[in-house]
Amino acid sequence: MNRDRIYLQIPKKPDFISLVRLTSSGIAYTMSLNVDDIEDIKVSIGEACVNSLMLNNEDEISLLFELDDNKLSIGVSGVREIIPEELEERKERELGLLIIKSLMDEVVFNEDGIRMIKYIEDDN
Amino acid sequence: MSLNIVVNHDKDKNLWVFVPEGEIDIYTSSKLKKEVLYNFENNKADILIDGKQLNYIDSTGLGALISILKRLKENEYKIYLSNLRPNIRKIFDITELDKLFIIRGEDSE
């Protein structure tokens, strides 16, 4: 088991989400994921950060990247699966969750937020 | 990482053409919505959004496009999307928004 961990914490501001996307692409690239998988990870992490930014009251968003030989796991704090009924952008947030669930191989919600996994296929 | 929007009005076809360059995300989606609707309100016409220079869109960007679509429909105008890159076309496919928008150069038109 070869698990390396990378921690990232950003202020809860839209300005920094592109930085997270860029960082995620970089990490995925170093793991030799293919171009389509890197794009899936970038899009999913962007959606997770937008969800956290809109639905969580903390001042920061914390991210944990766990790099294994066969997979990349990413945890994002403050992401919620249940979207409040009264939220004006409810439909948008639901689209965001749909995108994450479609693009990542495994998605788990827990009390801290979300954990998303992309497996590295042998043919990469 | 930002968004620049090139705006043209095709007088012959009476069509607004918007070319978003860069990324439509939580930071830039309100800019797209404002720019498109400002021009539309000034001179009502159908709208084409040309995705040839668009690298990325997130759910807030999709929300902005849905708002634009609703405003146009209220006025009985149409919005077309064209030249979407495969990564962006995939997002429309996943969210089934390809059924809501007219995507040019495909069978859905």
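Reading the values: the criteria
- Residues numbered from 1 in each chain as written.
- Chains lettered and ligands numbered in written order.
- Predicted model: local features only at pLDDT ≥ 70, side-chain atom pairs only at ≥ 80, totals over all residues.
- Helix = DSSP H or I, 4+ residues; strand = E, 2+ residues; numbered from the N terminus.
- Rg over C-alpha atoms; globule rule 2.2 N^0.38 Å.
- Buried ≥ 20, exposed ≤ 12 C-beta atoms within 10 Å, placed from the backbone.
- Contact = placed C-beta atoms within 7 Å.
- Pairing = 2+ DSSP bridges.
- Right-handed = clockwise from strand over helix to strand, strands pointing away.
- Axes fitted to C-alpha atoms, helices over the stretch in contact; angles between N-to-C directions.
- Left-handed = near helix turned anticlockwise from the far one by under 90°.
- Nonpolar A, V, L, I, M, F, W, Y, C, P; charged D, E, K, R; others polar.
- Expected span 1.5 Å × (residues − 1).
- Arc of directions from axis to C-beta.
- Parallel < 35°, antiparallel > 145°, perpendicular 65-115°, else oblique.
- Core = buried A, V, L, I, M, F, W, Y, C linked by C-beta atoms within 7 Å.
- pLDDT = per-residue confidence, 0-100.

K.L.:
Explanation requested: the overall build of chain A in the structure shown.
P.N.:
Across its full length, chain A holds three helices and five strands. Of the regular secondary structure in chain A, the N- to C-terminal order runs β-α-α-β-β-α-β-β. For 124 residues, the compact-globule estimate of 2.2 N^0.38 gives 14 Å, and chain A sits close to it at 14 Å. Reported as C-alpha extents along the three principal axes, the dimensions of chain A are approximately 45 × 25 × 25 Å. Here chain A holds 124 residues, and the buried ones make up 38% of them. Of the contacts made within chain A by residues no fewer than 6 positions apart, 66% connect residues no fewer than 24 positions apart.

K.L.:
Explain the pairing of strand 5 (residues 79-82) of chain B here, please?
P.N.:
Residues and elements named next belong to chain B. Alternating residues of strand 5 divide into Ile79 and Leu81, all buried, and Tyr80 and Ser82, none buried. Direction of pairing for strand 5 relative to strand 6 (residues 102-103): parallel, over a ladder of two bridges. Considered in strand 6, the bridge of Leu81 is made with Ile103. In this fold, strand 5 hands off to helix 3 (residues 86-94), which returns the chain to strand 6; that crossover is right-handed.

K.L.:
Help me understand the packing of helix 2 (residues 35-55) of chain A against helix 3 (residues 90-103) of chain A in this model?
P.N.:
All names here are of chain A. Two elements in contact, helix 2 and helix 3, have axes separated by 9 Å at closest approach and are oriented at 145 degrees. Considering the relative orientation of helix 2 and helix 3, their crossing is left-handed. The segment helix 2 lies against helix 3, with Asp40, Val43, Ser44, Glu47, Ala48, Val50, Asn51 and Met54 engaging Arg93, Gly96, Ile99, Ile100 and Leu103. Split into classes, the residues belonging to the contact of helix 2 with helix 3 amount to seven nonpolar, three polar and three charged.

K.L.:
Would you take a moment to explain the interface of chain A and chain B for this structure?
P.N.:
It is common to give the size of an interface as the accessible area lost on bringing the parts into contact. If you look at the interface, chain A gives 17 residues, while chain B gives 14 residues. Counted by class, the side of chain A that touches chain B contains eight nonpolar, four polar and five charged residues.

K.L.:
Any chance you could explain helix 1 (residues 29-42) of chain B here in plain terms?
P.N.:
An α-helix turns once every 3.6 residues. As a result, residues three or four positions apart point the same way. All names here are of chain B. Between its first and last C-alpha atoms helix 1 spans 20 Å; for 14 residues at 1.5 Å apiece the expected length is 20 Å, and the two agree. Among the residues of helix 1, those classed as buried are Ser29, Leu32, Lys33, Val36 and Phe40. Down the axis of helix 1, the buried set is contained in an arc of 95 degrees. They therefore lie on one face. Exposed side of helix 1, more than 90 degrees from the buried face: Lys34, Tyr38, Glu41 and Asn42 are the residues found there. Buried-residue contacts for helix 1 involve strand 1 (3-10), strand 2 (15-24), strand 3 (46-50) and helix 2 (59-74).

K.L.:
What exactly am I supposed to notice about the packing of helix 1 (residues 17-30) of chain A against helix 2 of chain A here?
P.N.:
In a packed pair of helices, the relevant descriptors are the angle between the two axes and the axis-to-axis distance. All names here are of chain A. Where helix 1 meets helix 2, the axes come as close as 9 Å, and the angle between the chain directions of the two elements is 150 degrees. Judged on the interaxial angle alone, helix 2 and helix 1 are roughly antiparallel. Handedness of the helix 1/helix 2 crossing: right-handed. Residues Ile17, Val20, Arg21, Ser24, Ser25, Ala28 and Tyr29 of helix 1 touch helix 2, and the partners they reach there are Asp37, Ile38, Ile41, Lys42, Ile45, Gly46, Cys49 and Val50.

K.L.:
Help me understand the sheet that holds strand 5 (residues 113-119) of chain A in this model?
P.N.:
Each strand in a sheet pairs with another by means of backbone hydrogen bonds, the pair being arranged parallel or else antiparallel. All names here are of chain A. Taking strand neighbours across the sheet as the criterion, the five strands line up as 1-2-3-5-4 in an open arrangement whose pairing is antiparallel. Single-partner strands in this sheet number two, and they are strand 1 (4-11) and strand 4 (106-109). The average angle at which neighbouring strand axes cross in this sheet is 15 degrees, direction not considered. Pairing of strand 2 (residues 60-67) with strand 3 (residues 71-77) involves five bridges; the strand directions are antiparallel. Residue pairing in the sheet places Leu64 in a bridge with Gly75 of strand 3.

K.L.:
Looking at this structure, how should I read the pairing of strand 3 of chain B?
P.N.:
Look at any regular strand and the pattern is simple: side chains alternate between the two faces of the sheet. Residue and element names in this part refer to chain B. Across four bridges, the pairing between strand 2 and strand 3 is parallel. Residue pairing across strands places Phe18 opposite Ile49, the latter belonging to strand 3. Handedness of the crossover is the feature at issue here: the chain leaves strand 2, passes through helix 1, returns alongside strand 3, and the resulting connection is right-handed. Judged from the four bridges that link them, strand 3 and strand 5 form a sheet pairing that is parallel. Opposite Ile47, over in strand 5, you have Ile79 as the bridge partner.

K.L.:
Could you clarify how one ought to interpret the nonpolar core in this entry?
P.N.:
Taken as a class, soluble globular proteins show a tendency for nonpolar side chains to be buried jointly. Judged by nonpolar contacts, the single largest core of 54 residues is most densely connected at A:Ala48, A:Cys49, A:Val76 and B:Ile47. Among the elements that line this core, the one with the most residues is helix 2 of chain A, at nine residues.

K.L.:
Please explain the confidence of the model for chain B as it appears in this structure.
P.N.:
Detailed conclusions should not be drawn from predicted coordinates in areas where pLDDT is low. In the predicted model, chain B carries a mean pLDDT of 94, and 95% of its residues have values of at least 70. Interface scoring of the predicted complex returns ipTM 0.92; its pTM is 0.93.

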